[in-house]
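Geometric and topological summary
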Amino acid sequence: MKKKYLFSIIALSVASACQAEPYTEPLGPSQMDQGGVGLLQTPTARMSRDGEFSLNYRDNDQYRFWSANIQLFPWLETTLRYTDVRTRLYSNDPNFSGSQTYKDKGIDAKVRLWEEGYYLPEVSLGIRDFGGTGLFDSEFVAASKAWGPFDFSIGLGWGYLGTRGNVKNPFCEISDKYCYRNNSNNTAGSFNTGVFFHGPSAVFGGVEYQTPWQPLRLKLEYEGNNYQDDFAGDLKPKTPVNVGAIYRITNWADVNLSYERGNTMMFGFTLRTNFDDLRQRHLDSEKPAYQPHEQSDMLQHQIAAQQLEDLNSNAGYTAPHIQVKGNTMYMTGQQDKYRDGSEGVDRANRILVNNLPANIDTLKVTDTRLNMPMATTETDVKSLQNTLSGYPLGQEKPLIQRRTEPDVPEHAEQGYYIDRNRLELSWSPVLNQSVGGPEDFYMYQLGVEGTASYWMTNHWVTSGSVFGNIINNYDKFNFTNPPSDSHLPRVRTRIREYVGNDVYISNLQTTYMQGLGDGWYGQLYGGYLEMMYGGVGGEVLYRPLDANWAVGLDGNYVKQRDWNDMMQFADYSVATGNLTGYWQPSFMNGVLVKASVGRYLAKDKGVTFDISRRFDSGITAGAFATFTNVSKEEYGEGSFTKGFYLSIPLDLFTVTPNRTNAQLNWVPLTRDGGQMVGRKYYLYGLTEERTPALH
């Protein structure tokens, strides 16, 4: 009956398509059942458009798949997946997980080896479920070639994609060990590279057809999985051929329907966007028009007062300071409105040049961050005036402007400023969440955090944050015992006991920070540094202006806060710190590579690698992994610390521009090895104005 309904829907869709006009442009590759570009159960060589982000859901009688897919680079696709195995319970202990079904986490990656040409197909290499328990682990090579509205694909798969074994594993010719595959040693979060390209292999393939009715595409595939040892049970497939349809409701949503294995209906949807294309129109004041007024050689009080107000409200500078020394006018302030620093500088120059003292020939606008000077933009006044008034057609000249090391005079002939508020108060909603836990698939805590900061001097600040719970489902936490395979001090795995407090001080510290000159910055701090640790520490950073690299060093002595009384300390203490290098490769736009070497909270030593990409919209996607001298047996489940994160500028959702970001973190498993202490301030993030990527 299910099969009859599916074919009826497809037949009706095709009949409608025959009456429609030809499609106008390709819709691009679509997502497969488990996430990632492909047909239904099988991947293809295709890649989504650079920067595309997809959220996918698929549902059948045995599995529910939730996945997030991101095209990090034109040649690299990554997928994070949660799987709900509907035929199995999470554990055999009802006191631990109740009736919750089994949940599995997985990570996939696909690399394009070469693009499609006139004769040659597009070819990609992929590895699936390499960061999970290995329920769906597989490797594949796939090739895709388009012919009109048809996109044909063929591939060779191992593991989950190759259990049918319809061809001999070609690597068996190299060594007999490749003829067998043993997944019995897989543990959650581990990278079991020893089984790659081992065991039976199978050919798979299919075709995706773009119908004349543009929203509708049809899929037909032959898969290489026989499902006999599937984790959900013996699924008894009747045929290796699957058919399906995908319908695009709008440019950001697809719905899917398929009939698979000759006995299973699968349905779902995909929501998509592109991180390069996201934009938001803001309600913002216009740039000041060029309307010069002649002035004497002296700053006029009323004019300077209006300029300071405009610098704050129009150009986005907090606590602006105007000074005159010789033939140069200086403006110093903290840009709190525009993510693009050049926008603030342009507006500031327009505000200043409209009422400029007669003897001024140079403008110097200096951006600061927490009273630390970052960079100065020096502009030739005559060149600016000519640019704003407009050159005759064909006689245009470039604006004479350059970025220099911060130049703020200690003593000036004239000066006016708006003083910074010493006391700063703010509050924000906080949503703490975890997905895929044993007690419940989704655990959450909604609360509010209030923050206060008081600047005792321009360099000393005391700040604190208090979190208050509003609602959560943490009553489902059943156990706070240490992990059964844990052999390290419990530096992070007591997280459930900390978040169980309804009200707590998450941060209370005093900090001294200062720009030391010539690209050097430093800070010293002490107090409750984060929810779990308090102590003292310091950081120093060297970041040359407009360089694509930097290096920093931090050191800390901390004690663990008592989870029963967070104003007290437990017995555990440790000295920890890292030497960190930062690099923005010139040949990879928006990419930041970080490597930190040091000692971690569990007194283990090792290195943390972090790679991220910043898209045109300002969204940053990144991943990190930490490897220490702790063995897999000592570390326990997961083998090593790893995670993923998204940093999202909030002005993509607000009607006015701002520089605030929200960060979403995903760590497959929290363990005690490879853990760093948290800090309120990170000098590399505070010195963003010194990077060339923003200008």
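All of these numbers come straight from a predicted model, not from anything done at the bench.

Let us look at the overall build of the protein. Scanning the protein for helices and strands turns up eight helices and 31 strands. Whereas a compact globule of 695 residues would reach a radius of gyration of roughly 26 Å, the protein reaches 29 Å, a difference of no more than 12%. Dimensions of the protein, computed from the C-alpha atoms along their principal axes, are close to 90 × 70 × 50 Å. Taking all 695 residues of the protein together, 50% fall into the buried category. Here the contacts in the protein between residues at least 6 apart in sequence split such that 58% fall between residues at least 24 apart.

Another point: helix 5 (residues 381–389). If you check which residues of helix 5 are buried, you get Val381, Ser383 and Leu384. Taken around the axis of helix 5, the buried residues stretch over an arc of 160°, which confines them to a single face. Against helix 4 (341–353), strand 15 (362–369) and strand 16 (372–380) lie the buried residues of helix 5. Backbone nitrogen of Lys382 and a side-chain oxygen of the N-cap are separated by 3.3 Å at the start of helix 5; the cap is Asp380.

Attention shifts here to empty space enclosed by the protein. By the definition in use, this model includes six cavities of 30 Å³ or more. Quantified by volume, the largest cavity comes out at close to 80 Å³. Lining the largest cavity are 13 residues, and of these Gly35, Glu77, Asp108, Arg128 and Phe140 sit closest to its centre. Taken together, the elements giving at least two residues each to the lining of the largest cavity come down to strand 3 (76–89), strand 4 (101–114) and strand 5 (122–128). Of all the elements, strand 4 adds the most residues to the lining of the largest cavity, at three residues. Taken together, the residues of the lining of the largest cavity sort by class into six nonpolar, three polar and four charged.

Turning next to the packing of helix 4 against helix 5. Put simply, helix 4 and helix 5 touch, their axes get as near as 11 Å, and they point 95° apart. Relative to helix 5, helix 4 is oriented roughly perpendicular. In contact with Asn349, Arg350 and Val353 of helix 4, helix 5 contributes Val381, Leu384, Gln385 and Leu388. The residue makeup of the contact of helix 4 with helix 5, split by class, is four nonpolar, two polar and one charged.

Moving on: a nonpolar patch on the surface. Taken together, Leu55, Tyr247, Ile249, Trp252, Val255, Phe269 and Leu271 make up a surface patch of nonpolar side chains, about 610 Å² in accessible area. When contributions to the nonpolar patch are tallied by element, the ones reaching two or more residues are strand 10 (241–250) and strand 12 (264–274). Relative to the assigned elements, Trp252 resides in the loop between strand 10 and strand 11 (253–260). Assessed through its relative accessible area of 49%, Trp252 is described here as partly exposed.

Membership of the largest hydrophobic core comes to 22 residues, with the highest contact counts inside it found for Val491, Tyr498, Met531, Tyr533, Val558 and Leu601. Of all the secondary structure elements, the ones that give two or more residues to this core are helix 6 (495–499) and strand 26 (569–583). Residues within four places of Val491 in sequence aside, it is in contact with Met532, Tyr533, Gln560, Tyr572, Leu601, Ala602, Asp672 and Gln675.

Turning next to unusual backbone geometry. In this model, Ala319 sits at a positive phi of 50°, which is unusual for a non-glycine residue. Using a relative accessible area of 22% as the deciding quantity, one classes Ala319 as partly exposed. Phi at Lys603 is positive, roughly 70°, even though this residue is not glycine. Here Lys603 shows up in the loop between strand 27 (591–599) and strand 28 (605–614).

Evaluated as defined, the whole model comprises 46 salt bridges. Measuring nitrogen to oxygen at the nearest pair gives 3.7 Å for the salt bridge that ties Lys103 to Asp84. Pair noted here: Lys103 is in strand 4 and Asp84 is in strand 3, with a separation of 19 residues, a long-range link. For the pair formed by Lys103 and Asp84, the shared burial category is buried. Its salt-bridge partner being Arg679, residue Asp554 comes within 3.7 Å of it at the nearest N-O pair. Placement of Asp554 in strand 25 (residues 549–561) and of Arg679 in the loop between strand 31 (661–666) and helix 8 (683–686) is noted, with a sequence separation of 125 residues between them. Each of Arg46, Arg112, Glu115, Glu116, Glu122, Lys145 and Asp151 takes part in one network of salt bridges that share partners.

What follows concerns the environment of Asp604. Considering the arrangement of structural elements, one finds Asp604 in the loop between strand 27 and strand 28. Along the backbone, Asp604 and Asp254 are 350 residues apart, and their C-alpha atoms lie at a distance of 47 Å. Non-local contacts of Asp604, meaning those with residues more than four positions away in its chain, are made with Gly598, Arg599, Thr628, Asn629, Val630, Gly673 and Gly674. A distance of 2.8 Å separates a polar atom in the side chain of Asp604 from the backbone nitrogen of Gly674.

Moving on to the confidence of the model for the protein. Looking at the protein as a whole, its pLDDT mean stands at 90, while 94% of the residues score no less than 70. In the predicted structure, residues 12–23 sits below a pLDDT of 50 and forms 18 contacts with residues beyond four places in sequence or in another chain.

Our focus in this paragraph is the state of the cysteines. Going through the model one piece at a time under the given rule, you end up with one disulfide. One disulfide in the model links Cys172 with Cys179; its S-S distance is 2.2 Å. Classification of Cys172 as buried rests on a relative accessible area of 10%.

So, about the environment of Lys605. Along the chain, the position of Lys605 falls in strand 28. Classification of Lys605 as partly exposed rests on a relative accessible area of 47%. Along the sequence, Lys605 and Gly674 sit 69 residues apart, while their C-alpha atoms lie 7.7 Å from each other. When neighbours within four sequence positions are excluded, Lys605 is seen to be in contact with Gly598, Arg599, Tyr600, Phe627, Thr628 and Asn629.

It is worth spelling out the sheet that holds strand 6 (residues 138–147) at this point. The strand order 1-2-3-4-5-6-7-8-9-10-11-12 describes a closed barrel built from 12 strands, whose pairing is antiparallel. Across the sheet, the mean angle separating the axes of adjacent strands is 20° when strand polarity is ignored. Pairing geometry for strand 5 and strand 6, over seven bridges, is antiparallel. Paired with Leu125 across the bridge in strand 6 is Val141.

Whether parallel or antiparallel, the strands of a sheet pair through hydrogen bonds between backbone atoms. Strand order across the open sheet formed by six strands is 17-16-15-14-13-18, with mixed pairing between neighbours. Two strands lie at the open edges of the sheet, namely strand 17 (401–404) and strand 18 (414–417), each paired on one side alone. The sheet shows a mean angle of 15° between the axes of neighbouring strands, taken without regard to direction. Note: strand 16 against strand 17, four bridges, orientation antiparallel. The residue bridging Thr377 from the neighbouring strand is Arg403, located in strand 17.

Cut-off values and rules
- Residues numbered from 1 in each chain as written.
- Predicted model: local features only at pLDDT ≥ 70, side-chain atom pairs only at ≥ 80, totals over all residues.
- Heavy atoms only, no water.
- Helix = DSSP H or I, 4+ residues; strand = E, 2+ residues; numbered from the N terminus.
- Rg over C-alpha atoms; globule rule 2.2 N^0.38 Å.
- Buried < 20%, exposed > 50% of the residue type's maximum accessible area, 1.4 Å probe, protein only.
- Contact = heavy atoms within 4.5 Å.
- Arc of directions from axis to C-beta.
- Polar contact = N/O pair within 3.5 Å; in protein donor to acceptor, adjacent residues only side chain to side chain.
- 1 Å grid on protein atoms, 1.4 Å probe; cavity = no way out; pocket = protein on both sides within 12 Å on 5 of 7 lines; lining within 4 Å.
- Points joined across faces, edges and corners; volume = space filled by probe spheres on them.
- Nonpolar A, V, L, I, M, F, W, Y, C, P; charged D, E, K, R; others polar.
- Axes fitted to C-alpha atoms, helices over the stretch in contact; angles between N-to-C directions.
- Parallel < 35°, antiparallel > 145°, perpendicular 65-115°, else oblique.
- Patch = residues over 30% accessible without salt bridge, like charges linked within 9 Å, V, L, I, M, F, W, Y side chains within 5 Å.
- Areas by Shrake-Rupley, 256 points an atom, 1.4 Å probe, with all protein chains shown as cover.
- Salt bridge = Lys/Arg side-chain N within 4 Å of Asp/Glu carboxyl O.
- Core = buried A, V, L, I, M, F, W, Y, C linked by side-chain atoms within 4.5 Å.
- pLDDT = per-residue confidence, 0-100.
- Disulfide = S-S within 2.5 Å.
- Pairing = 2+ DSSP bridges.

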